[in-house]
Amino acid sequence: MIHAFIKKGSFQDSVSLMLISRKLSELPRVDEVSVMMGTPANKSLLTNTGFWHAMFDEATPNDICVAIKAEDNGDGALTQYVSEQLDEALAAIAQGQKGGKSLLKARRWDSAEQKLPDANLLLISIAGEYAAELADKALDRGKSVMIFSDNVSIEQEVALKTKARDKGLIVMGPDCGTAMIAGAPLAFANVLPKGRIGIIGASGTGIQELASQIALAGQGISHAIGLGGRDLSADVGGISALTALDMLAKDEQSKVLLFVSKPPAEAVRQRVFSAMKQINKPIVTLFLGVKHGETRDGNVYLADTLDEAARLAAALARVQEQAESLPAVKGKKIVGLYTGGTLAVEVAMLLAERLGAEVDSKHDRGTMLDADGHKIIDLGDDFYTQGKPHPMIDPSTRNQEIVNLSNRPDVGVLLLDVVIGYGAQQDPTGSLVDAVNKARDRRGEANPLAVIATVTGTEQDPQVRSAQIEALRAAGIAVVDTLPEAAMLSHGLIDSEGSRQADESAPLLNGVAVINAGLRSFAEDLQSAGVPVVHYQWAPIAGGNRKLANLLKQMQ
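No experiment lies behind these values; they were computed from the predicted model shown.

Asks: Can you lay out the environment of Thr367 for me, pointing to particular residues and giving the numbers?
Replies: Within the element layout of this structure, Thr367 appears in strand β17 (residues 367–371). Using a relative accessible area of 9% as the deciding quantity, one classes Thr367 as buried. Taking the C-alpha atoms as reference points, Thr367 and Leu379, 12 residues apart in sequence, are found 8.8 Å from one another. At a separation of 2.9 Å, a polar atom in the side chain of Thr367 contacts the main-chain carbonyl oxygen of Asp364.

Okay, structure coming up:
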């Protein structure tokens, strides 16, 4: 049997009512309780799920409909009991707050703007059938929008995103579950370290997983911009994706970009990819479901999995950070002097791919790469060890080659390896640093030399890995974790144009102030994170009566 009652004029967000429904369903004497606002969509849902009662015909979208499934004699006691429990649950929601600070609230849009005049973003989590109208109002008031709500039509989405683009704003969503902008956690978000990687995603959990993996890799996030799952569809055409790319291209904090999407429409993917190629920043892309025949196309790196994309973005961020501490050597040549033959081979292969060259197949005198002045040499080759110990034991040959670079003004980058452990020199960095300093002194300030090293070994080795790294860095030598990073960094130094910057970045990325319409918990999370927020206690105008609402709008 279905028992029912209506609580008039008491609008609540859908998630809160779902939680209340679950709580009330645990009460004794009931089988199940459904608590919903009286919107047309919810009335259909009540019918389809077997909770309909004729009383609900009278309910407006501002009224709470309560349906109780129970075997009861219908004397009214059960309904009264559930009503009292509902009132207690609603009171608990009204009193709830995080961080011990009262949440700023407003019942009217104009009041919300007055209480937070610097608001530049509206976060919407109300019923989807009302979301587009509210979003449109925010755009007219110069505010970007994040629509957590679903059930917004394609036509409305395209209209809103087109208007936003024309106004220099952005619409994230609908059905956008995640964004983290200027430190503001919007909807589903994580507490993340600040960093130099800007994420754009048409996948909410994809953004969260990438950001979490980047944090585990010791890097951080500048911003994470959600798009909504349909943005890269043929119907929407990537409107917000292109806007987000432009925003992060101009953002000084975002040195590396990372783009993730569920399977996109092919024409839209190509349009977005073309836009990426115009941005002079490294961009990692993960178009799920798209198989790539290559791993890189210019500044765009192509990943196949979330793990691969996160690791690559973190590596690029580390490389960018190192590049800022090294001298400008654009247009110069790269020389690598390696004591480890396999290390020399891999670096030669990695650099050849970036230079569009071929590795040396003859390996004459340990030469692994010799292309247009760029050279990678294995100093452990037999040519260099005839009558001499291996360079991991006796570094004199390499040290002399380093000093000789003082006569090579065309060389701007020197790649080195330091191999430690049993059998190797007791202090390999000591004489290496002396040779580098001598070469730099002879070259002078007008002809700088960027030096990049990797260290092969462990903390438990006699030479102690961290001690070797510390000594190298103290001498102004960049130390990277892997050979791919060494290749990335060295090529980036000679090829760098500098990131594309605009005179003025998007205001939204400089700081977020939020009007929150819908889930109160979203506002509480923002407040606890120190983000200016006002909770707009939205309710349908004129009780959801469309004809009356339009009449009131015309009278304003």
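Asks: Outline the nonpolar core, supporting the account with residue identities and numerical values.
Replies: Counting 52 residues, the largest nonpolar core has Ile197, Ile199, Leu258, Val284, Ile376, Leu415 and Ile452 as its most contacted members. If you tally residues by element for this core, the top one is helix α10 (residues 306–323), at 8 residues. Excluding anything up to four places from it in sequence, Val284 contacts Leu257, Leu258, Phe259, Tyr301, Ala303, Ala309, Leu312, Ala313 and Leu316. Counting residues in each nonpolar core, the second largest holds 47 residues, with Leu103, Met146, Ala202 and Val531 among its members.

Asks: Now, about helix α11 (residues 341–355): what can you tell me, with residues and values included?
Replies: With 15 residues, α11 extends 21 Å between its outermost C-alpha atoms, agreeing within 8% with the 21 Å of an ideal straight helix rising 1.5 Å per residue. Considered for burial, the residues of α11 that qualify are Leu343, Ala344, Val347, Ala348, Leu351, Ala352 and Arg354. The buried side chains of α11 occupy one side of the element, clustering within an arc of 160° when seen end-on. For α11, exposure combined with an orientation more than 90 degrees from the buried face picks out Thr342 and Met349.

Asks: Kindly report on the packing of helix α1 (residues 14–25) against helix α3 (residues 77–95), identifying the contributing residues and their values.
Replies: Two numbers describe how α1 lies on α3: the axes approach to 11 Å, and their chain directions differ by 135°. Here α1 is positioned oblique relative to α3, judged by the angle of their axes. Viewed along their axes, α1 and α3 form a crossing whose handedness is right-handed. Residues Ser16, Ile20 and Leu24 of α1 form the contact with α3, whose participating residues are Val82, Gln85, Leu86, Ala89, Leu90 and Ile93. Taken together, the residues that form the contact of α1 with α3 break down as 7 nonpolar, 2 polar and no charged.

Asks: I'd like to hear about the environment of Glu321, residue by residue, with values.
Replies: Looking at where Glu321 falls in the secondary structure, it is placed in helix α10. With relative accessibility at 44%, the residue Glu321 sits in the partly exposed group. It is 9.7 Å that separates the C-alpha atoms of Glu321 and Leu489, two residues lying 168 residues apart in sequence. Dropping the residues within four chain positions of it, Glu321 is found in contact with Arg196 and Gln219.

Asks: Quick one: what's the story with α3, residue by residue and with numbers?
Replies: The first and last C-alpha atoms of α3 sit 27 Å apart over 19 residues, in line with the 27 Å expected at 1.5 Å per residue. Within the sequence span of α3, burial applies to Leu78, Thr79, Val82, Ser83, Leu86, Ala89 and Leu90. Taken down its axis, α3 places every buried residue within 130° of arc, on the same side. More than 90 degrees from the buried face of α3, the exposed residues found are Glu88 and Gln95.

Asks: How would you sum up the side chain of Arg443? Please name residues and give values.
Replies: As for its placement among the helices and strands, Arg443 is situated in helix α14 (residues 428–443). At 6.6 Å, Asp410 is the nearest oppositely charged side chain to Arg443, a buried residue that forms no salt bridge. At a separation of 3.1 Å, a polar atom in the side chain of Arg443 contacts the main-chain carbonyl oxygen of Arg408. Residues in contact with Arg443, not counting those within four places in the same chain, are Leu405, Ser406, Arg408, Pro409, Val411, Gly412, Pro448 and Leu449.

Asks: Can you break down the pattern of salt bridges residue by residue, with the values?
Replies: One side chain can pair with another of opposite charge once the charged atoms of both are near each other. Following the criterion strictly, the structure yields 24 salt bridges and no others. The salt bridge involving Arg318 is made with Glu485; its shortest N-O contact spans 2.6 Å. Taken as a pair, Arg318 in helix α10 and Glu485 in helix α16 (residues 483–495) lie far apart in primary sequence, 167 residues in all.

Asks: With reference to specific residues and values, describe the environment of Met36.
Replies: Along the polypeptide, Met36 turns up in strand β2 (residues 32–37). Sequence spacing of Met36 and Ile6 is 30 residues, and the spatial spacing of their C-alpha atoms is 9.8 Å. Look past the residues within four positions of Met36 in its chain and what remains in contact with it is Leu17, Asn42, Leu45, Leu46, Asp63, Ile64 and Cys65.

Rules of the game
Residues numbered from 1 in each chain as written. Predicted model: local features only at pLDDT ≥ 70, side-chain atom pairs only at ≥ 80, totals over all residues. Heavy atoms only, no water. Helix = DSSP H or I, 4+ residues; strand = E, 2+ residues; numbered from the N terminus. Buried < 20%, exposed > 50% of the residue type's maximum accessible area, 1.4 Å probe, protein only. Polar contact = N/O pair within 3.5 Å; in protein donor to acceptor, adjacent residues only side chain to side chain. Core = buried A, V, L, I, M, F, W, Y, C linked by side-chain atoms within 4.5 Å. Contact = heavy atoms within 4.5 Å. Expected span 1.5 Å × (residues − 1). Arc of directions from axis to C-beta. Axes fitted to C-alpha atoms, helices over the stretch in contact; angles between N-to-C directions. Parallel < 35°, antiparallel > 145°, perpendicular 65-115°, else oblique. Left-handed = near helix turned anticlockwise from the far one by under 90°. Nonpolar A, V, L, I, M, F, W, Y, C, P; charged D, E, K, R; others polar. Lys, Arg positive; Asp, Glu negative; His and termini not counted. Salt bridge = Lys/Arg side-chain N within 4 Å of Asp/Glu carboxyl O.

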